[in-house]
Amino acid sequence: MPNYDDHAANLHRMEPRDRRGEQMTPESPLLDTLVSSLRCLPGIGRKSAQRIAYHLLQRNRPGALKLAEALSRAMHGIAHCSRCRNFSEEELCGMCRNTARERSLLCIVESPADVKAVEEAGFRGLYFVLMGHLSPLDGIGPEDLGMDLLGKLLDEGETREVILATNSTVEGEATAHFISEMVKNRSLQVTRIAHGVPMGGELEYVDASTLSHALAGRRAFR
Ligand SMILES: [Zn+2]
C-alpha cells in the first residue's frame, strides 16, 4: 500500500515548471492524466479539472476511489433497453417489463433525463428514448435515433397514442414532425405536449417564442 500522505507532501513541495502551458505538473504524469480525464465532465475546463484533482488528492481519497469504482461499474454495466432505448442493466428495463403501467400510451423523449422529468410529472405510460434529435448538420439521421426500432414497436399493436415530448427547439420540433408522420401512417393517435408559460411565471419575463407556443396551444377555459 503506497503512503499517500508522504507522496502528497512531496507533490506539494514541487514547483510547477511551466505556468503558461497545459502541463502545470510535469512531475506527475498520473496527475496530468487525471486532470485531462476530468475534462470529459460537462462544463469542466482545465482550471476546474485541476481544482477537482487537487481537492480529491488532498481531501477525499476514499470518496474519489468510490467514485472511480462507481464510474467503472456504471460504464460497463449500463446499456440500453432493447425496447425503449432508455438506460438499463437488463435486456428489458423495469418500465418496459411493468405490466401495471398504461401500456397503450407511448411518450417519446430525447433523453433519459427527460424520462425522469416526465415520470416526476406523474406520467405512467411507456417511453421511447431517442437519445438525441434529428440534426442533419451534425449528421444525425433517423437511423441514429432508433426510428426502425420505434417503427417495430408501433407495429406490435400495444400502442394506441403516441405523445411527442421532444424539446421545443427547432431540432426537437423537426423530430416531432418526422415521428408524427410515422405514427399517422399507422393510423394511431399522435399528440404533442403543450409548451407554454411556466407555473408561477410572469408573462413579462417569458420569451416571445414560448409565449407564441402558449398562445397557439390555448385551450377552452374551465
Ligand atoms: Zn425499456
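### Focus on the overall build of the chain
Counting its secondary structure elements, the chain contains nine helices and six strands. Relative to its 222 residues, the chain shows a buried fraction of 16%. Sequence-distant contacts in the chain: of pairs separated by 6 or more residues, those separated by 24 or more amount to 45%.

### What about the sheet that holds strand E6 (residues 189-192)?
The strands making up a sheet are joined through hydrogen bonds of the backbone, oriented either antiparallel or parallel. With parallel pairing, four strands are arranged side by side in an open sheet as E4-E3-E5-E6. Lying at the two open borders of the sheet, with one neighbouring strand each, are strand E4 (125-129) and E6. Sheet twist, expressed as the average angle between the axes of neighbouring strands with direction ignored, equals 25°. Pairing of strand E5 (residues 161-164) with E6, which is carried by four bridges, proceeds in the parallel orientation. Residue Glu 161 lies in a different strand from E6, and its bridge partner there is Gln 189. Sitting on the sheet, helix H6 (residues 112-120) is in contact with strand E3 (102-109) and E4, with an inclination near 130° to E3.

### Side note on the nonpolar core
Side chains of nonpolar character tend, in soluble globular proteins, to be buried together. Residues Cys 84, Ile 108, Val 109, Tyr 127, Phe 128 and Val 129 are the most contacted members of the largest nonpolar core, which totals 24 residues. Mapped onto this core, the elements with two or more residues apiece are E3, E4, helix H7 (147-155), E5 and helix H8 (170-184). Residue contacts for Phe 128: discarding those within four places in its chain leaves Cys 84, Arg 85, Leu 106, Ile 108, Leu 150 and Leu 153.

### What to know about the confidence of the model for the chain
Confidence in the prediction of the chain, expressed as mean pLDDT, is 88, and 88% of residues score 70 or more. Considering each helix and strand of the chain separately, the mean pLDDT is smallest for helix H1 (residues 4-13), with a value of 49, and largest for helix H4 (residues 61-77), with 98. Across residues 1-5, confidence stays below pLDDT 50; counting only partners more than four residues off in sequence or on other chains, it has two contacts. A low-confidence stretch, residues 11-21 stays under pLDDT 50, and its non-local contacts, those more than four residues away or across chains, total six contacts.

### Examining the pairing of E5
The two faces of E5 differ: Val 162 and Leu 164 on one face are buried, but Glu 161 and Ile 163 on the other face are not. In this structure, E3 lies alongside E5, joined through four bridges in parallel fashion. When the sheet's bridge partners are listed, Leu 106 is paired in E5 with Val 162. For the crossover from E5 across H8 to E6, the handedness is right-handed.

### Things to note about the environment of Leu 38
Tracing the backbone shows Leu 38 in helix H2 (residues 29-38). A count of 18 C-beta atoms within 10 Å places Leu 38 in the partly exposed class. As for Leu 38 and Gln 50, which are separated by 12 residues in sequence, their C-alpha atoms are 8.4 Å apart. Among all residues touching Leu 38, those that are not within four sequence positions of it are Ile 44, Ala 49, Ile 52 and Ala 53.

What counts and what doesn't
Residues numbered from 1 in each chain as written. Predicted model: local features only at pLDDT ≥ 70, side-chain atom pairs only at ≥ 80, totals over all residues. Helix = DSSP H or I, 4+ residues; strand = E, 2+ residues; numbered from the N terminus. Buried ≥ 20, exposed ≤ 12 C-beta atoms within 10 Å, placed from the backbone. Contact = placed C-beta atoms within 7 Å. Pairing = 2+ DSSP bridges. Axes fitted to C-alpha atoms, helices over the stretch in contact; angles between N-to-C directions. Core = buried A, V, L, I, M, F, W, Y, C linked by C-beta atoms within 7 Å. pLDDT = per-residue confidence, 0-100. Right-handed = clockwise from strand over helix to strand, strands pointing away.

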